[in-house]
Amino acid sequence: MNITRMHGAGGTVMQKLIKETILGNLENTKIEGGIGLESLDDASTIPIGDKEIVFTVDGHTVHPIFFPGGDIGRISVCGTVNDLSVMGAKPVALSLSIVLPEGFDIEKLDKIMKSINEACKEAGVAIITGDTKVSNVDDIIISSAGIGIVDSGKAVRDCGMKEGDVIIVSGNIGEHGLTILLSREGFEFESELKSDVAPVNGLVQSVLNAGFEINAMKDPTRGGLADSLNEMAEKSDLGILIHEDKLPISDEVQAIGEALGIDPLTVANEGKVVMSVKAEDSEKILEILKAHPLGKNAKIIGNVTSEHKGVLMETIVGKRIVDTPMGDPIPRVC
């Protein structure tokens, strides 16, 4: 069997590759007392005294490298910052590794580096180390690692949902993946759609700083909201019931998705968070999220239950299963 793009698109195909071929050949995957690679969370942790250092890494091969709302440079910062953020950590520093194809336009690189700089200022992080190579690749590839700190308490896991929790999504879904698709394929839609790529650390910290507990959290990137919800449900050994009429989906995303036969639930996002929180805290947390520019379209979409496993969605004609997608329907989006 050979590697295909489905193996890097989130969903069940990528999960199988990671669990069997990658993790299956690694023995030392965690620091004592910390969250390790085998947990397949958004990041791992290193306990140091009463604090936790959170560490993550991400590779970026998005095509096209420039698109409405962002570029590969902005994604390289935001993707890493967001993986730290949904672990409840305050991002501190990033590394930056750039692989350039021979003949790459220096003006394009200059534009990308300026975008990286702006995203770092927006997130309040520093790039403190890096590496640059020129190689026989099709286009620029950027890999970024990041460290963050959990000052008190424990890192937030994606497996920590509790029965009775409420599920909140911080804003409209499907925007990033569909923006990439329209930019790449040149579909003749009259669209003002742009990527949602943004650092969510300020949004997440606004909830934590208010003293509220988040039981489980993820950023729904590859595989979209459907993949994140299924992963959270499976790891927590619980079920999730969401309501179709509560999902934050813009009319434009809905229309484009229907025209192309793509379910927005399975499309990547780059500036959204899905949280599982106590029911009694949910309305106050929703209010905090809505007060933040990145959370103005936040919605409560469902609840956590022990009555079934997996993810079900209540529709106007009854309940349907929301499966883990085989992979994101739009490759090379991040």
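None of the values given here were measured: they were computed from a predicted structure.

A look at a nonpolar patch on the surface
Judged by side-chain polarity, Ile31, Ile46, Ile48, Phe55, Val92 and Ile147 come together as a nonpolar surface patch covering roughly 490 Å² of accessible area. Topologically, Ile31 is positioned in the loop between helix 1 (11-22) and strand 1 (44-48). Of the residues examined, Ile31 reaches a relative accessible area of 45% and is grouped as partly exposed.

A few points about the domain arrangement of the protein chain
What the domain assignment reports for the protein chain is domain 1 (30-149) and domain 2 (163-319). Using C-alpha coordinates to define each centre, domain 1 is positioned 22 Å away from domain 2. Each partner contributes residues to the interface: domain 1 has 26 residues there, and domain 2 has 24 residues. Buried area between domain 1 and domain 2, summed over both chains or domains, comes out near 1900 Å², and the portion from carbon and sulfur atoms is 57%. When residues of domain 1 are sorted by the area they lose upon contact with domain 2, Pro68, Asn82 and Val86 head the list and together hold 26% of the total. Linking domain 1 to domain 2 there are one salt bridge. Note that Asp42 is salt-bridged to Lys218, the shortest N-O span being 3.1 Å. The interface formed by domain 1 and domain 2 includes ten residue pairs in polar contact (both at pLDDT 80 or more). Looking at the side of domain 1 that touches domain 2 element by element, the count peaks at eight residues for helix 2 (residues 72-85). A per-class count over the side of domain 1 that touches domain 2 returns twelve nonpolar, eight polar and six charged.

Conventions used here
- Residues numbered from 1 in each chain as written.
- Predicted model: local features only at pLDDT ≥ 70, side-chain atom pairs only at ≥ 80, totals over all residues.
- Heavy atoms only, no water.
- Patch = residues over 30% accessible without salt bridge, like charges linked within 9 Å, V, L, I, M, F, W, Y side chains within 5 Å.
- Areas by Shrake-Rupley, 256 points an atom, 1.4 Å probe, with all protein chains shown as cover.
- Salt bridge = Lys/Arg side-chain N within 4 Å of Asp/Glu carboxyl O.
- Helix = DSSP H or I, 4+ residues; strand = E, 2+ residues; numbered from the N terminus.
- Buried < 20%, exposed > 50% of the residue type's maximum accessible area, 1.4 Å probe, protein only.
- Domains from an automatic or database assignment.
- Contact = heavy atoms within 4.5 Å.
- Buried area = accessible area lost by both parts, 1.4 Å probe.
- Polar contact = N/O pair within 3.5 Å; in protein donor to acceptor, adjacent residues only side chain to side chain.
- Nonpolar A, V, L, I, M, F, W, Y, C, P; charged D, E, K, R; others polar.

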